[in-house]
Amino acid sequence: MKTLAPKTRDAVLAIAAWQIGVMESPSGSNRQKYGLAAGHNGVAWCMYFVWWVFQQAGFSLYKTGSCTVLANRYRQAGQWVTSGYKPGDIIMFDFSGNRKTTEHTGILESIDKDGNLITIEGNTSTGDNCNGGAVMRRVRSPKYVTGACRPGYNM
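Each chain has its residues counted from 1, running along the sequence as written. With pLDDT at 70 or above as the cut-off, local features in this predicted model cover only qualifying residues; side-chain atom pairs require 80 or more to be listed or tallied, and sums for whole chains, interfaces and linings still use all residues. For side-chain calculations, the full set of non-hydrogen atoms in the structure is used, while hydrogens and water are omitted.

Engineer: Got a minute to help me understand the overall build of the protein in this structure?
Structural biologist: Helix and strand content of the protein: four helices and six strands. Where helices and strands are cited, they refer to DSSP runs of H or I of at least four residues and of E of at least two residues respectively, numbered from the N terminus. The N-to-C order of helical and strand elements in the protein reads α-α-α-α-β-β-β-β-β-β. Taken over C-alpha atoms, the radius of gyration is set against a globule rule of 2.2 Å times the number of residues to the power 0.38. Taken over the C-alpha trace, the protein has a radius of gyration of 14 Å; the compact-globule value for 155 residues is 15 Å, and the two agree within 12%. Each principal axis of the C-alpha distribution contributes one length, and for the protein these read about 40 × 40 × 30 Å. Residue contacts follow a heavy-atom distance rule, with two residues in contact if any of their heavy atoms lie within 4.5 Å. Across the protein, the fraction of contacts at a sequence separation of at least 24, relative to all contacts at a separation of at least 6, is 52%.

This is the structure we're talking about:
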């Protein structure tokens, strides 16, 4: 991987993509390096994956395993968006379609021609959206998005 300037969107996206294919071990245990680095191994880890990626890219993202806690911090800081999503945004999902809770998260990589979000997520799979055990690139309908945290990137 080429060296990227820290605290940039490009660094976040490159590091996230580099992690695609990482899986928890053993399967179904929620044990993986992201939770281990955060000091909370063996628990749901989508948010710890995001935290780890941002740490590697030079950010001091608030360390939490809770999507709701991070979303609330960004709301209070005025860095919460509900439309106009951009690559590098931390996307929050509610798979019920009600868009009321934040049950899962990922990093927005791009938006396809149909308006679907291409994300890189931890603790997902094609069989379980929010506790699947792998880092994957996913295609998500915007109807499941509650909003996004927008980090302050250096351009």
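Engineer: Just to check I follow, could you spell out the sheet that holds strand 1 (residues 80-81) for this structure?
Structural biologist: Think of a sheet as strands paired side by side through backbone hydrogen bonds, with each pair either parallel or antiparallel. Two strands qualify as a pair provided DSSP detects at least 2 bridges between them. Spatial strand order, 1-6-2-3-4-5: six strands in an open sheet with antiparallel pairing. The two strands at the open ends of the sheet, each matched to only one other strand, are strand 1 and strand 5 (134-140). As paired elements, strand 2 (residues 90-93) and strand 3 (residues 104-111) share four bridges and run antiparallel to each other. Pairing of I90 across the sheet is with I107, part of strand 3. Where helix 3 (residues 46-56) meets the sheet, it contacts strand 2, strand 3, strand 4 (117-124) and strand 5, and its direction lies at approximately 55° from that of strand 3. To get an axis, fit a line to the C-alpha atoms, keeping to the stretch in contact for a helix; angles then go from 0 to 180 degrees between the N-to-C directions.

Engineer: I'm lost on helix 1 (residues 9-18) in this one. Help?
Structural biologist: Each turn of an α-helix holds 3.6 residues, which means side chains three or four residues apart point in the same direction. Relative accessible area decides the class of each residue, using a 1.4 Å probe on protein chains only: under 20% of the type maximum gives buried, over 50% gives exposed, and in between gives partly exposed. Here helix 1 has its buried residues at R9, A11, V12, L13, I15 and A16. On the buried face of helix 1, the contacting elements are helix 3, strand 3 and strand 4.

Engineer: I keep staring at the nonpolar core and nothing clicks. Help me out?
Structural biologist: Within soluble globular proteins, side chains that are nonpolar generally end up buried alongside one another. Counting residues in each nonpolar core, the largest one holds 32 residues, and the members touching the most others are F49, F54, L61, M92 and I107. Leaving out residues up to four positions away in the same chain, F54 has contacts with V12, F59, L61, G88, I90, I107, P151 and Y153. Residues grouped as a nonpolar core are buried Ala, Val, Leu, Ile, Met, Phe, Trp, Tyr and Cys residues, joined through side-chain atoms within 4.5 Å. One finds V81, I91, L108 and L117 within the second-largest nonpolar core, a separate group that totals nine residues.

Engineer: Could you clarify how one ought to interpret unusual backbone geometry in this entry?
Structural biologist: For residues besides glycine, phi is generally negative; the peptide bonds are generally trans as well. With an omega of 0°, the peptide bond running from S25 to P26 counts as cis. Backbone geometry at R99 places phi at a positive 60°, although glycine is not the residue there. Within the secondary structure layout, R99 lies in the loop between strand 2 and strand 3.

Engineer: Sorry, what's going on with the packing of helix 1 against helix 3 here?
Structural biologist: Each packed pair of helices is defined by two parameters, the angle between the axes and the distance between the axes. Between helix 1 and helix 3, the shortest axis-to-axis distance is 9 Å and the interhelical angle comes to 125°. Classified by the interaxial angle, the pair formed by helix 1 and helix 3 is oblique. The two elements helix 1 and helix 3 meet at a crossing, and its hand is right-handed. Packed against helix 1, whose contacting residues are V12, I15, A16 and W18, the element helix 3 presents F49, W52, V53, F54 and Q56 at the interface. By the convention adopted, Pro, Cys, Tyr, Trp, Phe, Met, Ile, Leu, Val and Ala count as nonpolar, Lys, Arg, Asp and Glu as charged, and the other residues, Gly among them, as polar. Partitioning the contact of helix 1 with helix 3 into residue classes produces eight nonpolar, one polar and no charged. An angle below 35 degrees is read as roughly parallel, one above 145 as roughly antiparallel, one from 65 to 115 as roughly perpendicular, and any other as oblique. Here a crossing is called left-handed whenever its near helix is offset anticlockwise from the far helix by less than a right angle, and right-handed whenever the offset is clockwise.

Engineer: It is not clear to me how the state of the cysteines should be interpreted in this structure. Could you clarify?
Structural biologist: When the sulfur atoms of two cysteines share a covalent bond, that bond is a disulfide. By disulfide we mean two sulfur atoms from cysteines, separated by a distance within 2.5 Å. Enumeration over the complete set of coordinates arrives at zero disulfides. C67 supplies the cysteine sulfur nearest to C46, a cysteine that is in no disulfide, at a spacing of 3.9 Å. Overall, C46 belongs to the buried group, its relative accessible area being 6%.

Engineer: Which parts of the structure should I look at to understand the pairing of strand 6 (residues 145-149)?
Structural biologist: If a strand is regular, its side chains alternate between the two faces of the sheet. Along strand 6, five of the five residues are buried, which leaves the element largely enclosed by surrounding structure. Pairing between strand 1 and strand 6: two bridges, direction antiparallel. When the bridges of strand 6 are listed, V81 appears paired with A148. Of the pairings in the sheet, the one linking strand 2 to strand 6 comprises four bridges and is antiparallel in character. Residue pairing in the sheet places M92 in a bridge with G147 of strand 6.

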